[in-house]
Structures are given as C-alpha cells and as structure tokens.
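Architecture and fold: a report
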Amino acid sequence: MNGKIVSVKRGIIIFTGVKAWIFIYSICMVLTVRCAAQAIAPEAVRVQAAYEVYRKQPNASANHLAYIAAFPATKEAFMDVFNDPAFDELYRESPAYVDLYVQLSRNYPTQALPKAVAIGKRLVYSDWQAAGMQQALMYLAAHHTDSFAMHVKRLPKKERPCVARFLADRDVPPVEYDMLVGNLQKIGEARLAAIFIQA
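Procedures and definitions
Residues numbered from 1 in each chain as written. Predicted model: local features only at pLDDT ≥ 70, side-chain atom pairs only at ≥ 80, totals over all residues. Heavy atoms only, no water. Buried < 20%, exposed > 50% of the residue type's maximum accessible area, 1.4 Å probe, protein only. Helix = DSSP H or I, 4+ residues; strand = E, 2+ residues; numbered from the N terminus. Arc of directions from axis to C-beta. Contact = heavy atoms within 4.5 Å. Polar contact = N/O pair within 3.5 Å; in protein donor to acceptor, adjacent residues only side chain to side chain. Salt bridge = Lys/Arg side-chain N within 4 Å of Asp/Glu carboxyl O. Phe/Tyr/Trp six-rings, centres within 6.5 Å; stacked < 30°, edge-to-face > 60°.

1. Observations concerning helix α11 (residues 190-198)
Residues of α11 that are buried: L192, A193 and F196. End-on, the buried residues of α11 take up no more than an arc of 100 degrees, which puts them together on one face. With respect to the buried face of α11, the exposed residues turned more than 90 degrees away are A190, R191, I197 and Q198. The inward-facing, buried residues of α11 contact α8 (145-153), α9 (160-168) and α10 (174-186).

Below is the structure:
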C-alpha cells in the first residue's frame, strides 16, 4: 500500500507512504513562498508609506520632501524595491511611484539630484522603470547644470561616462541633451561636456 490512495471519504483523499510526505511537503513549500512574498522589504515599506501620506495630502511640501527622502538612493535599492525577481515588493505599482519622483524632482532639485545621479550612473535604458529615472535626471541636468556637474565630478572618473551614456540613450529629448552640453560649456566644464558629446 506504500504511496497509494487507500480511501476516499467525503471528497478527502487519504495517502500513505512516501507520496503522502512529498504531497505534504509541496503544500508547505507553496504556503511558505506565498507568505514570504507578502512581506516586503523595509525600504519598500518606507517608499510605500511615504507615497500613501503624499496621496492623502498632495499639496503639503513636507510630504513631497518625505517622499524624495524615502525613495531608493542607489540602483541596487531601486531595483530591489521596484523590480524584485519574484515580482513582489512594489513591482506592479512601480510606474506610479517612479512618476511621482519624476514630478517632485522638478520642484526639489537639491534633494532629488544626488539620488538621480547615484541611480542613473548604474542604470541602462533597458532596466525596469529606467525611462522614468532618465527623464528625471535629464531635466535636472539640463535645468540645474551647475549642481549636476558638481555631483558628476564627485564620481570616480570611470563612472562619469556611465551617466552620459544613460542620458544619451533613446527617448531623451535632443533639445534637453543639447541644452545640457551647451550649459556645461558655458560654465567652463569643457571636459565634462566632451564626455557627453562622445556618449
């Protein structure tokens, strides 16, 4: 009788032997994975909480700044929060979260620029939600070039072309990219401008 169905009572199948233990183990594994998927990382919880507070009071500048502060500060954190391999965390709602950062970054460039540069230096356009971050960084770079140049020059020299390549990739408005290069030249950042021209 090892591993066979021994009886069926009221729609309940009773197993014995090895197959019974395999069946029970499989059910436990499925439940464990589902429970794990429901618990999101602390960084994702912070972003989600700040987003919900913003939605309740979208005109409060304190909520704007709190959301920017809660937003991931590196590419690794950005991908962990918005593009988890298991498609949990904030994956499904990620466009709304990234769009809000793009929107708020225009009003708070001082707070938004460091994170945009730190994330952008490691992103490529094909990464999940990279287009939104590219849009945020491109606007900040073109309209706040002094501050942008300062942040880029703080990067190791080998990382500076990575920022340029990310911004030079597709879907970037040519006017803003050309504006950035022109602004870099105007403020005496010819070497930095050259990196963006070559990208």
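2. Overview of the side chain of S94
Along the chain, S94 turns up in helix α5 (residues 94-105). The buried category is assigned to S94, whose relative accessible area is 0%. Here Y91 takes part through its backbone oxygen, which lies 2.8 Å from a polar atom of the side chain of S94. Those residues in contact with S94 that sit more than four places away from it in its chain are F82, W128 and Q129.

3. Focus: the pattern of salt bridges
Throughout the structure, instances matching the rule amount to four salt bridges. With its nearest N and O atoms 3.8 Å apart, the salt bridge here joins R55 to E52. Placement of the pair is R55 and E52 together in helix α2 (residues 42-56), with a separation of three residues, close to one helical turn. Residue class for R55 comes out exposed when judged on its relative accessible area of 54%.

4. Comments concerning the packing of aromatic side chains
Enumeration over the complete set of coordinates arrives at 10 aromatic pairs. Between Y51 and Y67, the aromatic rings sit 6.2 Å apart at their centres with planes inclined by 55 degrees, giving tilted as the arrangement. On the criterion of sequence distance, the pair formed by Y51 in helix α2 and Y67 in helix α3 (residues 61-70) is long-range, its members being 16 residues apart. With respect to class, Y51 is no different from Y67; both count as buried. Ring plane angle 65 degrees and centroid distance 5.2 Å describe the contact between F78 and F82, whose orientation is recorded as edge-to-face. Taken together, the positions of F78 and F82, both in helix α4 (residues 75-82) and four residues apart, correspond to about one turn of that helix.

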